[in-house]
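Structural characterization, general
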Amino acid sequence: MGIQKDRVKFNVGGRIFETTATTLANAGRNSFFGALFDENWDLNSQINNNSNEALFIDRNPECFSILLDLLRTGDLNIPPNINERLLFREASFYGLLDHIRTAKWGPFDGNRLRLSRSVTGQAPGDGTAIRAGPDGGCCVAHGSMVHVYDWMLEEHPPINLDYQRVNDIGWVDSENIVISVCERLGSKDGGMGLFSASSGELRYKFQVSHDNQVKSYTAGALSFSSDYKIFSSCKGRSNEYGVGVWDQVTGKQIDFFYESPGWSLGDADKLQWLSGSNCLLVATLFPRKDNCYISLLDFRDKNMVWSWSDIGAPLTVDEKRVRDAIAMEESNSICVVNEYEDLGFIDLRISGGSVRWSSRSRLMKGNMPDEPCYPKLALHEGQLFSSMNDSISVFCGPDWVLTSRLRRSYGGSICDFSIGGDRLFALHSEENVFDVWECPPSPII
């Protein structure tokens, strides 16, 4: 942008504001103010020729004042007399929602997270899963229903599915979610579908074809790749056991990895796409199966390129039952966690190798709660997160040292958590409450 000394006047709802072109350019090209500039970031000639006249905007002047100050300083100060939802609505009109989000949240760091709020759900006691959206919203599965929240945590129309339960949910993008469900007995119907996050409208179903026939199936864990593929564990009535692949743009099935004899893929609890190796992590874990199975699938040549199972392990493995697993490509390892929140590490360079357990992260001592929630793992921006009962532990560094814990007792144990849009969402089991954790913005010097 060239040097600008031009002043610009606005008449917003009868109140006059004066600012500079440089300040307005901070709003970005895709904003309301970006349209006032040409391709060289000079003010359009019509505005320059009428510099003494104020450009009239029929909007709220109090909110405009806050947003203009945000463009000037990068700081967001909301007076107590201004309703946040009103400000967010005005920010949406001007195309400044991303500026609001940036000002409200600092860069994501598990050690700086602070509890922002707790949201009470509509169906106590049956929370299944929570998934963070890319823009800071989330969706929560409760039995056969999915509740979707935008980044302002306003709930959209709930998605009520006529199935026994939702198995998994995932965000394709900020506008669409995929939901996997159990097969409906007696009706030969089930699987998964793509829904509008804002309206709940079903856009299309994903079908499985076996021997040139469309089959009913139960869809389980979901994962997504950067080249617009959707993966889901599948369990049908014939031989359609394994992992299906669909094109998320067209909804068409494009591949299927059939389950090997003696191996469990169709019941998988966890799928994770690994972009570095172009492989899919598939984990079937205790207690869904008596034994744990973790593998890497290469769909290019239909090959299981790496595998691990606890079959044949010593009896003492009962204390080390794997409850969750996550691949860490940078360190060529898979991290697993047991019910005592011991972290274990498996070397991806050795197929069928043993687990190297570490107990320094253990939180629980003595008896477990009457209804414990199984621990979950997440990896985000070089930090490892592990949930256990009512807390989430954060691990950092090459040795994964425990650096902080997030704890919130209201609502019972944490049954699931998810990170996205610079937020961490934690779903509690007993009262169906989910907590929202955010990093405060960096201090302005």
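Residues numbered from 1 in each chain as written. Predicted model: local features only at pLDDT ≥ 70, side-chain atom pairs only at ≥ 80, totals over all residues. Heavy atoms only, no water.

**Section: the layout of surface pockets**
Computed from the structure, the second largest pocket encloses a volume of approximately 290 Å³. Around the second largest pocket sit 17 residues that line it, and Ser333, Phe345, Ile346, Asp347 and Arg356 are the ones nearest its centre. Among the secondary structure elements, those contributing two or more residues to the lining of the second largest pocket are β25 (343–347) and β26 (356–358). Among the elements that take part in the lining of the second largest pocket, β25 stands out by supplying three residues, more than any other. Looking at the lining of the second largest pocket, its residues break down into six nonpolar, six polar and five charged. (1 Å grid on protein atoms, 1.4 Å probe; cavity = no way out; pocket = protein on both sides within 12 Å on 5 of 7 lines; lining within 4 Å. Points joined across faces, edges and corners; volume = space filled by probe spheres on them. Helix = DSSP H or I, 4+ residues; strand = E, 2+ residues; numbered from the N terminus. Nonpolar A, V, L, I, M, F, W, Y, C, P; charged D, E, K, R; others polar.)

**Let's talk about the sheet that holds β25**
Taken together, the four strands give an open sheet; going across it, the order is β23-β24-β25-β26, and neighbouring strands pair in antiparallel fashion. In this open sheet, the two strands that pair with only one neighbour each are β23 (324–328) and β26. In this sheet, neighbouring strand axes are inclined to one another by 25° on average, regardless of whether the strands run parallel or antiparallel. Taken together, the five bridges between strand β24 (residues 333–337) and β25 define a ladder with antiparallel strand orientation. Directly across from valine 337, in β25, lies its bridge partner leucine 343. (Pairing = 2+ DSSP bridges. Axes fitted to C-alpha atoms, helices over the stretch in contact; angles between N-to-C directions.)

**Here we look at the nonpolar core**
Counting residues in hydrophobic clusters, the biggest one holds 32 residues, and the most contacted among them are Phe10, Phe33, Phe64 and Ile100. Within the residue set of this core, elements represented by two or more residues are β1 (7–12), α1 (21–25), α3 (61–73), α4 (84–94) and α5 (97–104). No other element matches α3, which puts seven residues into this core. The residues touching phenylalanine 10, leaving out its near neighbours within four places in the chain, are Arg15, Ile16, Phe17, Thr19, Leu24, Phe33, Leu36, Ala54, Leu55, Ile57 and Phe64. Core analysis: the next-biggest nonpolar cluster, separate from the first, contains 18 residues, Ala327, Ile334, Val336 and Ile346 among them. (Core = buried A, V, L, I, M, F, W, Y, C linked by side-chain atoms within 4.5 Å. Buried < 20%, exposed > 50% of the residue type's maximum accessible area, 1.4 Å probe, protein only. Contact = heavy atoms within 4.5 Å.)

**Quick notes on α5**
Residue pairs three or four apart in sequence face the same way in an α-helix, which turns once every 3.6 residues. Where α5 is concerned, the buried positions are Ile100, Arg101 and Ala103. Along α5, the residues classed as buried sweep out an arc of 165° about the axis, all on the same side. On its buried side, α5 packs onto α3 and α4. (Arc of directions from axis to C-beta.)

**Describing the sheet that holds β1**
Pairing between sheet strands relies on hydrogen bonds along the backbone, with the strands arranged either parallel or antiparallel. The three strands lie next to each other as β2-β1-β3, forming an open sheet whose pairing is mixed. Only two strands of the sheet have a single partner each, and these edge strands are β2 (15–20) and β3 (55–57). Here the average twist between neighbouring strands, direction ignored, is 30°. In this structure, β1 lies alongside β2, joined through six bridges in antiparallel fashion. From the neighbouring strand, valine 8 faces β2, where its bridge partner is threonine 19. Running at roughly 10° to β2, α3 makes contact with β1, β2 and β3 of the sheet.

**Some words on the packing of aromatic side chains**
Per the stated rule, a full pass over the model turns up 23 aromatic pairs. A centroid spacing of 5.3 Å and a plane angle of 85° characterise the contact between phenylalanine 32 and phenylalanine 33, whose relative ring orientation is edge-to-face. Overall, phenylalanine 32 belongs to the partly exposed group, its relative accessible area being 27%. We classify phenylalanine 33 as buried; its relative accessible area is 2%. Their ring planes at 80° and their centres at 5.0 Å tell us that phenylalanine 93 and tyrosine 94 sit as a pair that is edge-to-face. (Phe/Tyr/Trp six-rings, centres within 6.5 Å; stacked < 30°, edge-to-face > 60°.)

**Here we look at the pattern of salt bridges**
Evaluated as defined, the whole model comprises 21 salt bridges. The closest approach of N and O atoms between aspartate 227 and lysine 229, which form a salt bridge, is 2.6 Å. The class for aspartate 227 is partly exposed, based on a relative accessible area of 40%. Across the salt bridge formed by arginine 423 and glutamate 438, the nearest N and O atoms sit 2.9 Å from each other. In this pair, arginine 423 sits in strand β32 (residues 423–428) while glutamate 438 sits in strand β33 (residues 433–438), placing the two residues 15 residues apart along the sequence. A single burial state applies to arginine 423 and to glutamate 438, both of which are buried. Linked through salt bridges whose partners overlap, the residues forming this network are Arg131, Asp168, Lys376 and Asp416. (Salt bridge = Lys/Arg side-chain N within 4 Å of Asp/Glu carboxyl O.)

**What about the confidence of the model for the protein chain?**
On average, residues of the protein chain score 86 in pLDDT, and 89% of them are at 70 or above. Across residues 363–368, where pLDDT falls below 50, the model places 11 contacts with residues more than four positions away in sequence or in other chains. (pLDDT = per-residue confidence, 0-100.)

**A word on the packing of α3 against α4**
One can describe the packing of α3 onto α4 by two numbers: an axis separation of 10 Å at closest approach and a directional angle of 65°. What the angle tells us is that α3 and α4 run roughly perpendicular. The chirality of how α3 crosses α4 is right-handed. Contacts from Cys63, Phe64, Ile66 and Leu67 in α3 reach Leu86, Leu87, Glu90, Ala91 and Tyr94 in α4. Broken down by class, the residue content of the contact of α3 with α4 amounts to eight nonpolar, no polar and one charged. (Parallel < 35°, antiparallel > 145°, perpendicular 65-115°, else oblique. Left-handed = near helix turned anticlockwise from the far one by under 90°.)

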